Amino acid sequence: MSGVDLASVLLQQNGSGNATGNATNATAGNATNATAGNATNATAGNATNATAGNATNATAAGPTSETPLPDLISGLLGLDGFGIWGDAVAALLGAFLIANVMLTMTAVAGPWAKRKITAAFTDRIAVNRIGPFGLLIIVADAVRLLSKELIVPEGADRPAWDLAPIILPFSALLGFAVIPMGSGIQLADPETGLVFAFAAASIASLGLVMAGYASNNKYSMLGGLRSIAQNLAYEIPLVVTAASVVIFTGTLRMSEIVAVQSQPLIEAGALTIPSWFAFVNPFAFVLFLVANMAEIGRNPFDIPEAPTEIVAGYQTEYSSVYFVLFYLGEFIHIFLGGALMAVLFLGGAAPPVPALGFIPGFVWFVIKIWAFFLFTQWCRSAVPRVRIDQLIEIGWKGMLELAFANLVLTAIIVGVII
Amino acid sequence: MSLEDPEKEQQGALEGRSREDELADLLGERALSRDDHKNAPAFVIRPDEVQDVLFDLRDQAGYDFLSCVTAQEYEDRYESIYHLKRYDNPMDEVSVVVPTSKQNPVSQTAEPVYKTADWHEREAYDLVGIDYEGHPDLRRILLPETWQGHPLSLDYDQDRPQIVTLREHANPLEEDQRASGTGANAHSNTVESGAVDDAADSDTMYLNIGPHHPATHGVLHLKTILDGEQVVDVEPDIGYLHRCEEQMAQQGTYRYQIIPYSDRWDYTANMPNEWAVARAIEDLADLEVPEYAQVLRTMATEFGRMLGHFLAVGTFALDVYGDFTAIFMYAIRDREKVQNILEDLTGQRMMFYYFRLGGVVWDLPEPREEWFEKVRDFLDELPSALEEYHDLISQNEILQLRTVGKGMLPKETAKQYGATGPVARASGIDMDLRRDDPYGYYDELDWDVAVEDGCDNYSRLLVRLREVEESAKIIRQCIDLLEDWPEEERTIQSNVPRTIRPDDDTETYKAVEAAKGEMGVYIRSDGTDTPARFKIRAGCFNNLHTLAPMSNGEYIPDLVAALGSLDIVLGSVDR
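Residues numbered from 1 in each chain as written. Chains lettered and ligands numbered in written order. Predicted model: local features only at pLDDT ≥ 70, side-chain atom pairs only at ≥ 80, totals over all residues. Heavy atoms only, no water.

1. Digging into the overall build of chain B
Then, in step 1: Counting its regular elements, chain B contains 21 helices and 15 strands.
Then, in step 2: Classification of the 575 residues of chain B by burial places 62% in the buried group.
Then, in step 3: For chain B, restricting intrachain contacts to residue pairs at least 6 apart in sequence, the fraction spanning at least 24 positions comes to 68%.
Then, in step 4: If you sum the accessible surface of chain B, you get close to 21000 Å²; carbon and sulfur atoms cover 46% of it. (Helix = DSSP H or I, 4+ residues; strand = E, 2+ residues; numbered from the N terminus. Buried < 20%, exposed > 50% of the residue type's maximum accessible area, 1.4 Å probe, protein only. Contact = heavy atoms within 4.5 Å. Areas by Shrake-Rupley, 256 points an atom, 1.4 Å probe, with all protein chains shown as cover.)

Here it is as structure tokens:
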């Protein structure tokens, strides 16, 4: 948990620094932030319109307010007077809260929802014996998995082998630090939020290759190499497609990306279509969706673990707690992928029509990321896995070109027409 | 055997007479004598002229299909029998008998003539103990390499302890024990042993796929050599499920004790296996089968074929799609319907034992109308179910991308390796024993043989899906026949003696078209009520042999897909 906390503290400082009107990349300390800051200058220039996100307004916490969660907590608990230590405690509490929410969702998704969804696709019933709707299987599975023997393969490269399962889930949790989840739940809102999220998520590749290399198993090795090849091929289109959204918004700040999407796109009588980027640029949405599936390694791009080919890929040798960590990590990554989809293309935590605004934003956010989860499970049941060479080919020869075409097109539309 | 026999014998009388003379002329003095089997003429030749004779038979007489190699030990000699057929006419059979002396059981290998002899001769060496001179890789195939003795030889001591470690077993005088003993690569044909022994100098990686692996459909071990993700060489290591089926059949009486074992060979589609045994024994003992029972057999067997093909399609989808594809469950759903129908018919869900010598065990379940309705309901729903399969599998573009043009098995290679069944038919070999060597009621019914020319993984899938359609067609016609069958003529079994003792030294080899290919049985009788030699020819065994030429140079995922498309059942491979 410490990784998340530290980062959120750093980000929180960064965010408050911005709020007071300082220049963009004041605090360094964090390599990702530094590069992200440069990117901001390059693409968006000085077009940082402060539509929201005034941290000075900590007391006015409403559903639409973009107050970072730590500030809210420190306001509620009266930690304002303790200076940096107060901020640190508030950030820690906020991070703890968010991490627990995400882990709870993962716990529901992994042992229970995944089974139920797959069962629905395959004409089965799945878990229904333990607890209502079989929900207590989550507890049973947790006990079962945690009580298993932790088998360490002979010749495992020890520090790397132990670190890999820790890196995977925590890199994904780190990404959630900058995601605005609606109802004012956001740990930090730095100016470079989007790039930070991508940077944090791609640390996972390191964990996968560590696991693959350190396991002293040929299947793990193949899985690790596959995952690296895959992430290289798909991260570029992913980020480039996201950049096309940034051209529209003119900012990398998550809250502002969401805010830009709240304007109506088409108003036809009672029907209002919001200007979500999924509607503004459906092409980019589809590109991002596909690249995202590959990035998180789900069907049809689940080749790093492709069970019928290389047993379980990089996680072949992991058991017990380490396996649980890998498992959690994969699901948090799915949810992070869904969260990025929601923020970039689906209006963040906004309801699809204003009439549904009475439902809290956080609920919409959860619905959106679960919709993405459902989509991944649907693909898992229906779409064949592509072969590794085909995957690389699609990535480098197809997705990359389309992503750049989309970027140039968007730039022309934004720069020339609008 | 009642229906087709008169016709067949006539054919044999017209064609076979001249054919036999032709063959006798072709072989000339090389044929030492005749030792005719019930199914085919058999020529006895010298052990050092095997290749010579087989080359002539293949190239000049057209026998391009080595169906089976049977090895056996007599009191005074060893004998290898090569059962030859032609792909374009499987009824044109000839056997080549190669006796070798007890003291020096060495016979020339047939491997250069028919590639499929490679594995068959290894099995003969393994179980009987005949040495094949010039064989490229004469090792045990079914039993562990440390096994002591040859189980089907006459002097085999069953009480001898078999726990021998590799270290005790290895010959200390041999130069490199590792290369000759444990290292699979040392024996493989395409990769020199050095390539893997000096791993530091090579770019290849040796990978054990199996015996426990999600994609091997049972306990199969693939010794794979990879160059990156590409397969340089693959060698199936079989025998993990060897249960001495041949020996058990030799210990059972013809009447009741052999057919139940046959259900355990190819246990995903076991009805046709029963027929293979029944057909061989009925041929050996000249038993008649009433027409009504033939219709019942035909229908039951086609249901059995569906069982196998549904599972084959489902598991192939597992291999290509991923481990939680909906298609697998859809296939199991339809398979379940067939199983319910067969459960009503036979009382069993898996090991049916529906066939008896001279017929079947039970008539249709009462009330018949209800059962007919159930079958008709299934047949009516089947087209829409198959439509669903085509939507989900064969018309899926990613699947086509994955399977079209991958796992190529050219026609000539398929023939060399003795491929049969859907594997051969997907390589453009138009052979189906149901049509070409008719038995049961097949030649009275209207159906087609599914043949594809693609030679790839995709074609094998298509052939299976089309065969399900054809099976449905056959079943529908059988149902119509059974429904109108006069009540007083419903004879399900002919009058078969309680103890069957075929004449001494009668030999026959009879095969049927099982779901996976030609399922053949060779029996030699010795005048008692148990066979002296019972040899099983399983389609899966030969089809698995084609894996190496199919997958060399492909990526690992295509190796897995190719294995899935072969649809092997290890119970049938290892017996």
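Read on, since the account is not over.
2. Things to note about the pattern of salt bridges
Residue and element names in this part refer to chain B.
Then, in step 1: Scanning all chains against the criterion turns up 61 salt bridges over all chains.
Then, in step 2: Glu302 is paired through a salt bridge with Arg305; the nearest N and O atoms lie 3.1 Å apart. Of this pair, Glu302 and Arg305 both sit in helix α10 (residues 291–321), three residues apart, which is roughly one turn of the helix. Accessibility assignment for this pair places Glu302 and Arg305 in one class, buried.
Then, in step 3: The partner of Arg376 in a salt bridge is Glu483, with the nearest N and O atoms 3.1 Å apart. Within this pair, whereas Arg376 is found in helix α12 (residues 368–394), its partner Glu483 is found in helix α17 (residues 457–484), the two being separated by 107 residues in sequence.
Then, in step 4: For Arg376, a relative accessible area of 24% gives the class partly exposed. (Salt bridge = Lys/Arg side-chain N within 4 Å of Asp/Glu carboxyl O.)

3. Examining the interface of chain B and chain A
Then, in step 1: Taken residue by residue, the interface counts 35 residues in chain B and 26 residues in chain A.
Then, in step 2: Each partner contributes to the roughly 2700 Å² buried at the junction of chain B and chain A, and carbon and sulfur atoms together form 61% of this total.
Then, in step 3: When the buried area of chain B at its contact with chain A is split by residue, Tyr321, Phe324 and Ile398 of chain B rank highest and sum to 20% of it.
Then, in step 4: For the pair chain B and chain A, the interface holds three salt bridges.
Then, in step 5: The salt bridge involving Arg387 of chain A is made with Asp558 of chain B; its shortest N-O contact spans 2.7 Å.
Then, in step 6: Where chain B meets chain A, there are nine residue pairs in polar contact (both at pLDDT 80 or more). (Buried area = accessible area lost by both parts, 1.4 Å probe. Polar contact = N/O pair within 3.5 Å; in protein donor to acceptor, adjacent residues only side chain to side chain.)

4. Brief notes about the packing of α10 of chain B against helix α11 (residues 326–346) of chain B
Residues and elements named next belong to chain B.
Then, in step 1: Running from N to C, α10 and α11 cross one another at 160°; their axes reach a closest spacing of 9 Å. As far as their axial angle goes, α11 and α10 are roughly antiparallel. Every pair of crossing elements has a handedness; the one defined by α10 and α11 is left-handed.
Then, in step 2: Split into classes, the residues belonging to the contact of α10 with α11 amount to 18 nonpolar, four polar and two charged. (Axes fitted to C-alpha atoms, helices over the stretch in contact; angles between N-to-C directions. Parallel < 35°, antiparallel > 145°, perpendicular 65-115°, else oblique. Left-handed = near helix turned anticlockwise from the far one by under 90°. Nonpolar A, V, L, I, M, F, W, Y, C, P; charged D, E, K, R; others polar.)

5. Structural notes on the sheet that holds strand β10 (residues 230–237) of chain B
Residue and element names in this part refer to chain B.
Then, in step 1: Spatial strand order, β8-β9-β10: three strands in an open sheet with antiparallel pairing. Looking at the sheet topology across the chains shown, the edges are occupied by β8 (204–209) and β10. Along the sheet, successive strands turn relative to each other by an average axial angle of 20°, direction set aside.
Then, in step 2: Inspection of the sheet shows strand β9 (residues 221–227) paired to β10 by seven bridges, in the antiparallel sense. The residue bridging Lys223 from the neighbouring strand is Glu235, located in β10. (Pairing = 2+ DSSP bridges.)

6. Considerations on helix α9 (residues 271–285) of chain B
For an α-helix, 3.6 residues make a turn, and residues three or four places apart therefore share a direction.
All names here are of chain B.
Then, in step 1: If you check α9, its first and last C-alpha atoms are 21 Å apart, about what 15 residues at 1.5 Å a residue would give, namely 21 Å.
Then, in step 2: Extensive coverage of α9 is indicated by the burial of 15 of its 15 residues.
Then, in step 3: A positive phi of about 50° marks Asp286, the residue just after α9. (Expected span 1.5 Å × (residues − 1).)

7. Quick word on the UniProt feature "transmembrane region" (unreviewed entry) in chain A
Then, in step 1: The UniProt feature table records "transmembrane region" (unreviewed entry) at residues 88–113, 125–143, 163–182, 194–214, 265–291, 321–346, 358–378 and 398–417 of chain A.
Then, in step 2: Secondary structure content for residues 194–214 of chain A is 100% helix and 0% strand, while the C-alpha to C-alpha distance between its ends is 32 Å. (UniProt positions renumbered as here; feature names shortened; annotations may be inferred.)

8. Looking at the environment of Asp56 of chain B
Residues and elements named next belong to chain B.
Then, in step 1: With respect to the helices, strands and loops of the structure, Asp56 is situated in helix α2 (residues 50–59).
Then, in step 2: In this structure Asp56 comes out as buried when scored by relative accessible area, which is 16%.
Then, in step 3: With residues near it in sequence (within four places) discarded, Asp56 still touches Leu26, Arg30 and Ala61.

9. Let's talk about the pairing of strand β13 (residues 507–514) of chain B
Residue and element names in this part refer to chain B.
Then, in step 1: Most of β13 is tucked away, with eight of its eight residues classed as buried.
Then, in step 2: Neither face of β13 is left uncovered, since the one carrying Glu507, Tyr509, Ala511 and Glu513 and the one carrying Thr508, Lys510, Val512 and Ala514 both have all their residues buried.
Then, in step 3: With eight bridges connecting them, β13 and strand β14 (residues 517–525) associate as antiparallel partners. Opposite Ala511, over in β14, you have Gly520 as the bridge partner.
Then, in step 4: Hairpin connection from β13 to β14: two residues lie between these consecutive antiparallel strands.

10. Examining the nonpolar core
Residues and elements named next belong to chain B.
Then, in step 1: Judged by nonpolar contacts, the single largest core of 93 residues is most densely connected at Met299, Phe303, Met306, Tyr354 and Trp371.
Then, in step 2: Sorting elements by how many residues they give to this core places α10 first, with 14 residues.
Then, in step 3: Shared between two domains, this core takes at least three residues from each, and those domains are domain 1 (5–133) and domain 2 (288–495).
Then, in step 4: Apart from residues lying up to four places away in sequence, Phe303 is in contact with Val338, Ile341, Leu342, Trp371, Val375, Phe378 and Ile475. (Core = buried A, V, L, I, M, F, W, Y, C linked by side-chain atoms within 4.5 Å. Domains from an automatic or database assignment.)

11. Re the environment of Lys406 of chain B
Then, in step 1: Note on placement: Lys406 of chain B falls in the loop between α13 (397–403) and α14 (411–416).
Then, in step 2: For the pair Lys406 of chain B and Asn457 of chain B, spaced 51 residues apart in sequence, the C-alpha separation works out to 6.0 Å.
Then, in step 3: Not counting residues up to four positions away in its chain, the partners in contact with Lys406 of chain B are Arg387 of chain A together with Asp456, Asn457, Arg460, Glu554 and Asp558 of chain B.

12. Digging into helix α11 (residues 282–295) of chain A
Residue and element names in this part refer to chain A.
Then, in step 1: Taking 1.5 Å as the rise per residue, α11 with 14 residues should run 20 Å; its terminal C-alpha atoms sit 19 Å apart, in good agreement.
Then, in step 2: Of the positions making up α11, those classed as buried are Ala284, Leu287, Phe288, Leu289, Ala291, Asn292, Met293, Ala294 and Glu295.
Then, in step 3: Buried-residue contacts for α11 involve α7 (193–214), α8 (218–249), α13 (320–345), α14 (361–382) and α15 (388–417).

13. Brief notes about the sheet that holds strand β1 (residues 33–34) of chain B
All names here are of chain B.
Then, in step 1: In spatial order, the strands read β1-β2-β5-β4-β3; together these five strands make up an open sheet with mixed pairing. A single partner strand is all that each edge strand has here, and the edge strands are β1 and β3 (65–73).
Then, in step 2: Relative to strand β5 (residues 89–101), strand β2 (residues 42–44) is paired through three bridges, and the arrangement is parallel. Considered in β5, the bridge of Val44 is made with Val97.
Then, in step 3: Against the sheet, α2 contacts β4 (77–86) and β5, and its axis sits at roughly 15° relative to β4.
Then, in step 4: Sheet strands in contact with helix α3 (residues 117–127) are β3 and β4, and its direction is about 10° off that of β3.

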